Structure formats: C-alpha cells, structure tokens
Amino acid sequence: MRKIEHLGLAVSDIEASISLFEKLLNTPCYKVEEVESEHVKTAFFKVGESKIELLQATDPSSAIGKFIAKRGQGIHHIAFDVENIEKEIERLKKLDFQLIHQTPKDGADNKKIAFLHPKSTDGMLIELCQEK
Ligand code: ZN
C-alpha cells in the first residue's frame, strides 16, 4: 500500500459539512458525486497528498445510514492507495483477511475499490482503492 488515499467521514448533512470543511481546510470541495449503488452522496477535498471524503446516506437503510444511526457522525473508513487492487486482494486473502468485495467495484472519484471486513481488521473499516 502506497499512502493513505483518503479518510471517509460519515455526515448527516453533507451541504453543511461541505461548508464547514471548506472553512476548516481553506480549500474548496473539488467534487460532489452520488454513488447510486451504495445509496450515498460523496464530497471530496484535497489535503496535501491525501483527501477527505464526506459521505451522506441517500437512503437510511444504506451502510452509511446505519452507521450514522448507530454511531453518529465521525470517521467511517480509511482508504489506502494501491498499485494493483486485484493483486492486493489476493495477497490479503492469503493472509486470512476477509473481503466484503471479492472483486473490485466502481467507487467514487474515478476509483476501483474493495472493502475489507471489519471483523478481520480489529473493527476498523479499511478500503483499498486504485486510480482507474
Ligand atoms: Zn472511501
């Protein structure tokens, strides 16, 4: 894994959080994108080499909707940039990590992504992502 690509933050009102993070980071949000398959609206900020991804549920029964209901707003996942996501998935499977996605899927911000199951990562939600 090459670097922390982004931190995913679950929020309940993405418009309010966009204006908060624009002030906090002193940089404009460069992309807002809805990922319909995940029922989520995302917004991205660049912070040096890394990014912040805000996530708001568009459906309360989605993963982000459930996370907010159970734990409130906060850090949802850490995403690592990888050179070859298929190889990384195979490497981690051999080490007995459980994958939520056995094969990469399309994510926001022009990425191929896969999530590890928090059961095998001490409760932390980890995302692998590779630029398309
Ligand atoms: Zn992410």
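Predicted model only: the values in this text are computed from it and were never measured.

Calculation rules
Residues numbered from 1 in each chain as written. Predicted model: local features only at pLDDT ≥ 70, side-chain atom pairs only at ≥ 80, totals over all residues. Heavy atoms only, no water. Pairing = 2+ DSSP bridges. Helix = DSSP H or I, 4+ residues; strand = E, 2+ residues; numbered from the N terminus. Axes fitted to C-alpha atoms, helices over the stretch in contact; angles between N-to-C directions. Disulfide = S-S within 2.5 Å. Buried < 20%, exposed > 50% of the residue type's maximum accessible area, 1.4 Å probe, protein only. Salt bridge = Lys/Arg side-chain N within 4 Å of Asp/Glu carboxyl O. Donors = N, O, S within 2.8 Å, 3.2 Å for Na, K, Ca; no water. Tetrahedral: all angles 85-135°; square planar, octahedral: opposite > 155°, others 65-115°. Phe/Tyr/Trp six-rings, centres within 6.5 Å; stacked < 30°, edge-to-face > 60°. Lys NZ or Arg CZ within 6 Å of the ring centre and 35° of its normal.

*Asks:* Whenever I open this one, the sheet that holds strand E8 (residues 126-131) confuses me. Can you help?
*Replies:* What links the strands of a sheet is backbone hydrogen bonding, and the strands pair in either a parallel or an antiparallel sense. Reading across from one edge, E2-E3-E4-E1-E5-E8-E7-E6 is the order of the 8 strands in this open sheet, with mixed pairing throughout. Strands with a single pairing partner mark the edges of an open sheet, and in this sheet they are strand E2 (31-35) and strand E6 (105-107). Along the sheet, successive strands turn relative to each other by an average axial angle of 35°, direction set aside. Sheet topology note: the strand E7 (residues 111-115)/E8 ladder contains 5 bridges and is antiparallel.

*Asks:* So what exactly am I meant to see when it comes to the state of the cysteines here?
*Replies:* Note: disulfide means a covalent bond formed between the sulfur atoms of two cysteine side chains. The full count for this structure, using the stated rule, is 0 disulfides. Residue Cys29 stays outside any disulfide, its sulfur separated by 17 Å from that of Cys129, the closest cysteine. Judged by relative accessible area, Cys29 falls into the buried class, the value being 17%.

*Asks:* Please explain the pattern of salt bridges as it appears in this structure.
*Replies:* Here the idea is simple: oppositely charged side chains can pair when their charged atoms come close. Counted by the stated rule, this structure contains 13 salt bridges. For Arg2, the salt bridge identified is with Asp81, shortest N-O distance 2.9 Å. Linking Arg2 in the segment before strand E1 (3-10) with Asp81 in strand E5 (residues 74-81), this pair joins segments that are 79 residues apart in sequence. Across the pair Glu86 and Lys112 runs a salt bridge, and its minimum N-O distance is 3.2 Å. Separated by 26 residues along the polypeptide, Glu86 in helix H3 (residues 85-94) and Lys112 in strand E7 bring together distant segments of the chain. According to the relative accessible area criterion, Glu86 is partly exposed, its value standing at 37%. Among the residues examined, Lys112 registers a relative accessible area of 23% and is labelled partly exposed. Each of Glu5, Lys31, Lys51, Asp109, Lys111 and Glu131 takes part in salt bridges that share partners, so that together they form one network.

*Asks:* Any chance you could explain the coordination of the zinc ion here in plain terms?
*Replies:* Ideal coordination angles are 109.5 degrees for a metal with four donors arranged tetrahedrally and 90 or 180 degrees for a metal with six donors arranged octahedrally. Here the zinc ion is held by His6 (NE2), Glu53 (OE), His77 (NE2) and Glu127 (OE), and the distances to it run 2.1 to 2.2 Å. Taken together, the 4 donor atoms coordinating the zinc ion and their angles of 85 to 177° define a geometry best described as irregular. Read N to C, the donor residues that coordinate the zinc ion are spaced as H-x46-E-x23-H-x49-E. Highlighted residues: His6 in strand E1 and His77 in strand E5, separated in sequence by 71 residues. The same class applies to His6 and to His77, which are both buried.

*Asks:* Whenever I open this one, the pairing of strand E3 (residues 40-47) confuses me. Can you help?
*Replies:* Along any regular strand, the residues point their side chains to alternate faces of the sheet. Here 5 bridges tie E2 to E3, and the two strands are oriented antiparallel to one another. By the bridge assignment for E3, Val32 is matched with Ala43. By the bridge criterion, 8 bridges tie E3 to strand E4 (residues 50-57) in an arrangement that is antiparallel. Residue Val47 lies in a different strand from E4, and its bridge partner there is Ser50. Where E3 hands over to E4, the hairpin turn is made up of 2 residues, of which Gly48 adopts a positive phi near 60°.

*Asks:* What is the right way to look at the packing of aromatic side chains in this model?
*Replies:* Given two aromatic rings, their pairing is described by the distance between the two centres and the angle made by the two planes. All told, the structure shown has 2 aromatic pairs when counted by the stated rule. The interplanar angle of 40° and the centroid separation of 6.1 Å between the aromatic rings of Phe21 and Phe45 together place this pair among those described as tilted. Separated by 24 residues along the polypeptide, Phe21 in helix H1 (residues 14-25) and Phe45 in strand E3 bring together distant segments of the chain. For the residue pair Phe21 and Phe45, the accessibility class agrees, reading buried in each case. Between the aromatic rings of Tyr30 and Phe44, the centroid separation amounts to 6.2 Å while the plane-to-plane angle is 45°, which identifies the pairing as tilted. With Tyr30 in the loop between H1 and E2 and Phe44 in strand E3, the pair connects residues that are 14 residues apart, well separated along the chain. Under the relative-accessibility criterion, Phe44 is labelled buried at 1%. When the ring centre of Tyr30 is taken as reference, the NZ or CZ atom of Lys46 above it lies at 4.0 Å.

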